[in-house]
Amino acid sequence: QVQLVESGGGLVQPGGSLRLSCAASGFTFSNYAMSWYRQAPGKERELVAVIRAGGSTNYADSVKGRFTISRDNAKNTAYLQMNSLKPEDTAVFYCYARVPGYPGYWGQGTQVIVSS
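Asker: Go over the state of the cysteines, please, and point to the residues and values.
Answerer: A disulfide bridge is the covalent bond that connects two cysteines by way of their sulfur atoms. The final tally for this structure, using the stated rule, is one disulfide. The disulfide bridge from Cys22 ends at Cys95, spanning 2.0 Å between sulfur atoms. Here Cys22 and Cys95 share a disulfide; its torsion about the S-S bond, -80°, makes the bridge left-handed. Remark: Cys95 occurs in strand β9 (residues 91–98) and Cys22 occurs in strand β3 (residues 18–25); sequence separation between them is 73 residues. Each of the two residues, Cys22 as well as Cys95, counts as buried.

Following this line, the structure appears as structure tokens:
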């Protein structure tokens, strides 16, 4: 059974940091591209960052230089280090796993609130 379990969300002040984790099970994690998406209230879900099986990464322009995506294949876990957080980063963050040509898997999401 495939599972993606996000953790690490919470309330943080502007300028603060959080590290999100996505623990995966039920599939060969190292073969999958892992992505983080977010959805703010009233907005569409958007791609934040992706790390491919080979390790290459891409980021949304809005988070470049502030967020870092990484993966630990030995732990079947993907991470999103978020620094210099802004109120506009407030959203539910979702983990997504996919191999090209096959359906992907979503986690349940973790809430991030950036507020003073």
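Asker: How would you sum up the sheet that holds strand β8 (residues 77–82)? Please name residues and give values.
Answerer: With antiparallel pairing, four strands are arranged side by side in an open sheet as β1-β3-β8-β7. The open sheet has two edge strands, β1 (3–7) and β7 (67–72), and neither has a second partner. Neighbour-to-neighbour, the strand axes of this sheet turn through a mean angle of 15°, independent of strand direction. Pairing analysis gives six bridges linking β7 to β8, with the strands arranged antiparallel. Among the inter-strand pairings, Phe67 is bridged to a residue of β8, identified as Met82.

Rules used throughout
- Residues numbered from 1 in each chain as written.
- Predicted model: local features only at pLDDT ≥ 70, side-chain atom pairs only at ≥ 80, totals over all residues.
- Heavy atoms only, no water.
- Disulfide = S-S within 2.5 Å.
- Helix = DSSP H or I, 4+ residues; strand = E, 2+ residues; numbered from the N terminus.
- Buried < 20%, exposed > 50% of the residue type's maximum accessible area, 1.4 Å probe, protein only.
- Pairing = 2+ DSSP bridges.
- Axes fitted to C-alpha atoms, helices over the stretch in contact; angles between N-to-C directions.

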